[in-house]
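# Observations on the model geometry
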Amino acid sequence: MRRHGPVEYEIYLIGLDQQLCDGCRRCVDICPVDVFEMRRGPAEVVRAENCLYCRGCLGVCDPGAITITEI
Ligand code: SF4
Ligand code: SF4
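Here is a short report on the structure shown in this document. Everything quoted here is computed from the prediction, not taken from an experiment.

We now examine the overall build of the protein. The secondary structure content of the protein amounts to two helices and four strands. Helices and strands in the protein line up, N terminus first, as β-α-β-β-α-β. Expected size for 71 residues packed as a compact globule is a radius of gyration near 11 Å; at 14 Å, the protein overshoots this value by more than 25%. On the principal axes, the C-alpha backbone points of the protein span a range of 50 × 20 × 20 Å. Relative to its full complement of 71 residues, the protein shows a buried share of 25%. By sequence separation, contacts in the protein at least 24 residues apart represent 53% of the contacts at least 6 residues apart. Separation of charge centres in the protein, based on 8 positive and 11 negative side chains, amounts to 6 Å.

If you want it as C-alpha coordinates, here you go:
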(Lines give C-alpha, C1' and ligand atoms only; values in the text may rest on other atoms or scores of the structure.)
(Ligands and ions follow the chains in the order given, each with its own letter.)
Protein backbone atom coordinates (compact mmCIF):
# COMPACT_ATOMS: atom_id res chain seq x y z
CA MET A 1 0.00 0.00 0.00
CA ARG A 2 1.32 3.42 -0.86
CA ARG A 3 1.64 5.83 1.96
CA HIS A 4 1.10 9.50 1.53
CA GLY A 5 2.70 11.97 3.85
CA PRO A 6 5.23 14.70 4.15
CA VAL A 7 8.55 14.22 2.40
CA GLU A 8 11.54 15.68 4.16
CA TYR A 9 14.41 17.26 2.34
CA GLU A 10 17.66 18.24 3.92
CA ILE A 11 19.87 20.71 2.14
CA TYR A 12 23.43 21.46 3.09
CA LEU A 13 25.25 24.67 2.39
CA ILE A 14 28.95 24.02 2.00
CA GLY A 15 31.42 26.80 2.60
CA LEU A 16 35.05 26.55 1.59
CA ASP A 17 37.42 29.32 2.56
CA GLN A 18 39.98 29.25 -0.20
CA GLN A 19 42.26 31.53 1.79
CA LEU A 20 42.57 28.83 4.45
CA CYS A 21 42.84 25.85 2.07
CA ASP A 22 46.38 24.43 1.97
CA GLY A 23 45.74 22.22 -1.04
CA CYS A 24 46.09 18.86 0.73
CA ARG A 25 43.34 17.25 -1.43
CA ARG A 26 41.97 15.25 1.47
CA CYS A 27 38.45 16.52 0.99
CA VAL A 28 38.55 15.48 -2.67
CA ASP A 29 39.77 12.02 -1.72
CA ILE A 30 37.39 11.37 1.16
CA CYS A 31 34.11 12.72 -0.19
CA PRO A 32 32.09 9.73 -1.45
CA VAL A 33 29.95 11.85 -3.75
CA ASP A 34 32.53 14.12 -5.43
CA VAL A 35 31.44 17.40 -3.90
CA PHE A 36 34.97 18.84 -4.21
CA GLU A 37 37.38 19.23 -7.06
CA MET A 38 40.87 20.60 -7.35
CA ARG A 39 42.02 22.02 -10.63
CA ARG A 40 44.56 24.71 -10.16
CA GLY A 41 44.88 26.29 -6.76
CA PRO A 42 42.68 25.54 -3.77
CA ALA A 43 39.80 23.07 -3.56
CA GLU A 44 36.44 24.08 -4.98
CA VAL A 45 32.90 23.05 -4.15
CA VAL A 46 31.45 21.82 -7.43
CA ARG A 47 28.60 19.46 -6.50
CA ALA A 48 27.20 20.74 -3.23
CA GLU A 49 23.84 19.19 -4.04
CA ASN A 50 25.37 15.72 -3.66
CA CYS A 51 26.31 16.18 0.00
CA LEU A 52 25.17 13.42 2.37
CA TYR A 53 26.48 15.15 5.48
CA CYS A 54 28.79 12.29 6.36
CA ARG A 55 31.18 14.92 7.78
CA GLY A 56 34.22 13.17 6.41
CA CYS A 57 35.58 16.32 4.84
CA LEU A 58 35.23 18.26 8.08
CA GLY A 59 37.36 15.69 9.89
CA VAL A 60 40.25 15.75 7.44
CA CYS A 61 40.52 19.46 6.75
CA ASP A 62 43.20 20.54 9.21
CA PRO A 63 42.97 24.27 8.48
CA GLY A 64 39.22 24.22 9.08
CA ALA A 65 38.49 25.64 5.65
CA ILE A 66 35.21 23.75 5.22
CA THR A 67 31.95 24.56 6.92
CA ILE A 68 28.63 22.85 6.39
CA THR A 69 25.32 24.33 7.42
CA GLU A 70 22.10 22.38 7.39
CA ILE A 71 19.13 24.35 6.12
S1 SF4 B 1 40.79 19.24 3.06
FE2 SF4 B 1 40.73 21.47 3.47
S3 SF4 B 1 42.84 22.17 3.18
FE4 SF4 B 1 42.67 20.14 2.21
S5 SF4 B 1 42.17 20.58 0.04
FE6 SF4 B 1 40.23 20.29 1.13
S7 SF4 B 1 39.60 22.38 1.76
FE8 SF4 B 1 41.77 22.47 1.22
S1 SF4 C 1 29.97 15.93 4.46
FE2 SF4 C 1 30.55 14.03 3.35
S3 SF4 C 1 29.27 14.03 1.51
FE4 SF4 C 1 29.24 16.13 2.32
S5 SF4 C 1 30.89 17.20 1.26
FE6 SF4 C 1 31.78 16.39 3.18
S7 SF4 C 1 32.64 14.40 2.64
FE8 SF4 C 1 31.24 14.98 0.96
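A separate point is the pattern of salt bridges. In this structure the tally under the stated criterion is four salt bridges. Measuring nitrogen to oxygen at the nearest pair gives 3.0 Å for the salt bridge that ties Arg26 to Asp62. With Arg26 in helix α1 (residues 26-30) and Asp62 in the loop between α2 (56-60) and β4 (66-70), this residue pair connects regions lying 36 residues apart in the sequence. The exposed category is assigned to Asp62, whose relative accessible area is 61%. In this structure, Arg39 engages Glu37 in a salt bridge whose closest nitrogen and oxygen atoms are separated by 2.8 Å. Several salt bridges converge on common partners, so that one network encompasses Glu37, Arg39, Glu44 and Arg47.

Rules used throughout
Residues numbered from 1 in each chain as written. Chains lettered and ligands numbered in written order. Predicted model: local features only at pLDDT ≥ 70, side-chain atom pairs only at ≥ 80, totals over all residues. Heavy atoms only, no water. Helix = DSSP H or I, 4+ residues; strand = E, 2+ residues; numbered from the N terminus. Rg over C-alpha atoms; globule rule 2.2 N^0.38 Å. Buried < 20%, exposed > 50% of the residue type's maximum accessible area, 1.4 Å probe, protein only. Contact = heavy atoms within 4.5 Å. Lys, Arg positive; Asp, Glu negative; His and termini not counted. Charge placed at Lys NZ, Arg CZ, Asp CG, Glu CD. Salt bridge = Lys/Arg side-chain N within 4 Å of Asp/Glu carboxyl O.

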